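Secondary and tertiary structure notes
Residues per chain are reported as follows:
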Amino acid sequence: MKKGDSRHASATLSTSRGNDNGEKMTLVLNTLEGDYSEQIKDLLAAKGSEVEIVNTAEMKIMHCAGCNICWLKTPGVCAIKDDYEIILKKLVVADGFWVVADTKFGFIDYRGKRVLDRLVPMLNMYIEIRDGWERHQLRYHPLNFGVIYKGNGNKELLEEWSERVAMNLGGHSLGVFALEESQTSANANGDVTETATPLPEHVVILNGSPRVKKNSNTNKIIDSFSEGLQEAGITHKLYSLSNRTEWDEAREAFMTNDNIIIALPLFVECLPSLLFEFLSTLPTERKQPAKLSFILHSGFDEGHQLRLGEKFLKTLAPQLGCSYGGTLVKGGSFMLRMRDNSYIKKMTDKMLATYASMGLSFAHNGNFLTTDAQKFTGSEQNPWLGRSLFNLVIYRIVKRNFDRFAKEWGCTRPLDDKPY
Ligand SMILES: Cc1cc2nc3c(=O)[nH]c(=O)nc-3n(C[C@H](O)[C@H](O)[C@H](O)COP(=O)(O)O)c2cc1C
């Protein structure tokens, strides 16, 4: 057996769900280094389904770059040619999966988050209303999901996250468990006392999207937001974390400036793994105080979909030695990268103009803790009528548009194709 075969040794792939005997199979994606098989098996012993442990630390798995190729060009097939395809093929025959991960900032660390972000091909581009919320269609079958963490985890937050991820996958949460030596952080809500800092003269902005700058919706948002800053005479310096050559300078700027904004897209209900990775490289102690504010946006337009991410960001600021300047929360940013299309440009001009006015508001208030910022989110959930009509009427219109985009991208397969 060649080196690394243990990473996916125990099950033979079959074309139907379950193991070769047709019994339920649950995948365990162990992202920890070292052998935790016994501890994992002990924890899962009472669960009653066969588990297959895949040790991802021995595999080459990159972070999702948000290219959308798995949705719009080669449906269900990721453009990154690394070992993650092994996992996708196993998920297609599994009933559910666990992620086993170390923790950082009370959440699963970037290695754990990376295997979650790469799940996107398990869903397809089409949007429907499921359980009252906008969700992507399942490409295959429902999957249950649970978390096993090592270290200091914010259990309450991880439980909420696990539930949300499982719902997106059409399944239910298998729960959140700590490995024996782990701890649970006490402060689940990360209450922060607001400290007075002067109004900004200069703001450091980090774009936390893994998508290359020219295609990043976050970048379009930052451009508009900074127009508002400029109007008020505030300067800013932008760093794009998708470009690792900017990381050293971004780190230095983060540690030496007193007013910082991280703008980021919601990725699988929380931060993109690449942003987690960058934050993990910051020195633990900062020399002078700083205010850290966030611009959090997402594909779905319902405000509630971003609230767990917002809750996490509130806990993150003090863990980075900063006071919390609030989070500007808004959904519906998916189309911004397609502004070459005149219809989409017209549709999104208004949204970008509101970001410019929030730039002006930030310049005057120095934070997003204002009523204006709270109102900016819009509705928490689509109104009842919209939800009722969505699957009947709107679904078809949206589907037709996605099919058209896919054709422009050179896609030759149906978007709900099942390649595995
Ligand atoms: C891997 C991945 C996960 C995502 N997860 C979510 C999500 O949980 N909820 C959501 O509303 N949008 C989600 N999105 C959509 C992005 O938040 C949205 O498209 C955003 O505009 C991307 O910004 P960017 O172009 O700067 O990366 C996800 C996108 C990707 C690629």
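Residues numbered from 1 in each chain as written. Predicted model: local features only at pLDDT ≥ 70, side-chain atom pairs only at ≥ 80, totals over all residues.

Brief notes about the confidence of the model for the protein
Low pLDDT marks regions whose predicted coordinates should not be analysed in detail. Within the protein, residue pLDDT values average 91, and 91% of them lie at 70 or more. This stretch, residues 1–16, has a pLDDT under 50; its non-local contacts, to residues over four places away or in other chains, come to 18 contacts. Contacts for the low-pLDDT stretch residues 188–192, under 50 throughout, to residues beyond four places or in other chains number 11 contacts. (pLDDT = per-residue confidence, 0-100. Contact = placed C-beta atoms within 7 Å.)

Considerations on the site of the ligand
Around the ligand, the surrounding shell holds 23 residues, and the nearest of these are Ser-209, Thr-218, Pro-265, Ser-298 and Gly-299. Classifying every residue of the shell around the ligand gives 8 nonpolar, 11 polar and 4 charged. Two domains each donate at least three residues to the shell around the ligand, and these are domain 1 (5–184) and domain 2 (202–376). (Near = placed C-beta within 6 Å. Nonpolar A, V, L, I, M, F, W, Y, C, P; charged D, E, K, R; others polar. Domains from an automatic or database assignment.)

What about the pairing of strand 12 (residues 235–240)?
Where strand 11 (residues 202–207) lies against strand 12, 6 bridges are found, and the strand directions are parallel. Residue pairing in the sheet places Ile-205 in a bridge with Leu-238 of strand 12. Following the chain from strand 11 across helix 6 (residues 217–231) to the adjacent parallel strand 12, one finds a crossover that is right-handed. (Pairing = 2+ DSSP bridges. Helix = DSSP H or I, 4+ residues; strand = E, 2+ residues; numbered from the N terminus. Right-handed = clockwise from strand over helix to strand, strands pointing away.)

A short note on the domain arrangement of the protein
When cut into domains, the protein gives domain 1 (5–184) and domain 2 (202–376). One C-alpha centre belongs to domain 1, the other to domain 2; they are set 28 Å apart. Sorting the residues of the side of domain 1 that touches domain 2 by element identifies helix 4 (110–117), strand 6 (133–138) and helix 5 (155–168) as the ones contributing at least two each.

Observations regarding unusual backbone geometry
The residue Val-268 is not glycine, and still its phi comes out positive at about 45°. Here Val-268 shows up in the loop between strand 13 (259–265) and helix 8 (273–280). Of note in this structure, Glu-269 is not a glycine but carries a positive phi near 70°. A residue is classified by how many C-beta atoms lie within 10 Å of it, and Glu-269, with 21 of them, is buried. (Buried ≥ 20, exposed ≤ 12 C-beta atoms within 10 Å, placed from the backbone.)

Things to note about the sheet that holds strand 11
An order of 12-11-13-14-15 is seen for the 5 strands of this open sheet, with the pairing classed as parallel. If you trace the sheet from one side to the other, it starts and ends with strand 12 and strand 15 (323–330), each paired once. Averaged over all neighbouring strand pairs, the angle between strand axes comes to 20°, with direction disregarded. Across 6 bridges, strand 14 (residues 291–297) lies against strand 15 in parallel orientation. Residue pairing across strands places Leu-292 opposite Tyr-324, the latter belonging to strand 15. Strands in contact with helix 9 (residues 307–319) are strand 14 and strand 15; relative to strand 15, the strand with the most contacts, it is inclined by about 160°. (Axes fitted to C-alpha atoms, helices over the stretch in contact; angles between N-to-C directions.)

Re the pairing of strand 14
With 7 of 7 residues buried, strand 14 lies mostly within the body of the structure. Along strand 14, one buried face is formed by Lys-291, Ser-293, Ile-295 and His-297 and the opposite face, lined by Leu-292, Phe-294 and Leu-296, is buried too. Where strand 13 lies against strand 14, 7 bridges are found, and the strand directions are parallel. Bridge assignment links Ile-261 to a residue of strand 14, and that residue is Ser-293. In the classification by handedness, the crossover that spans strand 13, the intervening helix 8 and the parallel strand 14 is right-handed. Traced from strand 14 through helix 9 to strand 15, the parallel crossover comes out right-handed.

Focus: the nonpolar core
Counting residues in each nonpolar core, the largest one holds 100 residues, and the members touching the most others are Val-28, Leu-29, Leu-91, Phe-97, Trp-98, Val-99 and Val-100. Taken domain by domain, this core gets at least three of its residues from each of domain 1 (5–184) and domain 2 (202–376). Discounting residues that sit within four places of it in the chain, Leu-29 has contacts with Val-54, Thr-56, Ile-87, Phe-97, Trp-98, Val-99, Val-100 and Val-115. (Core = buried A, V, L, I, M, F, W, Y, C linked by C-beta atoms within 7 Å.)

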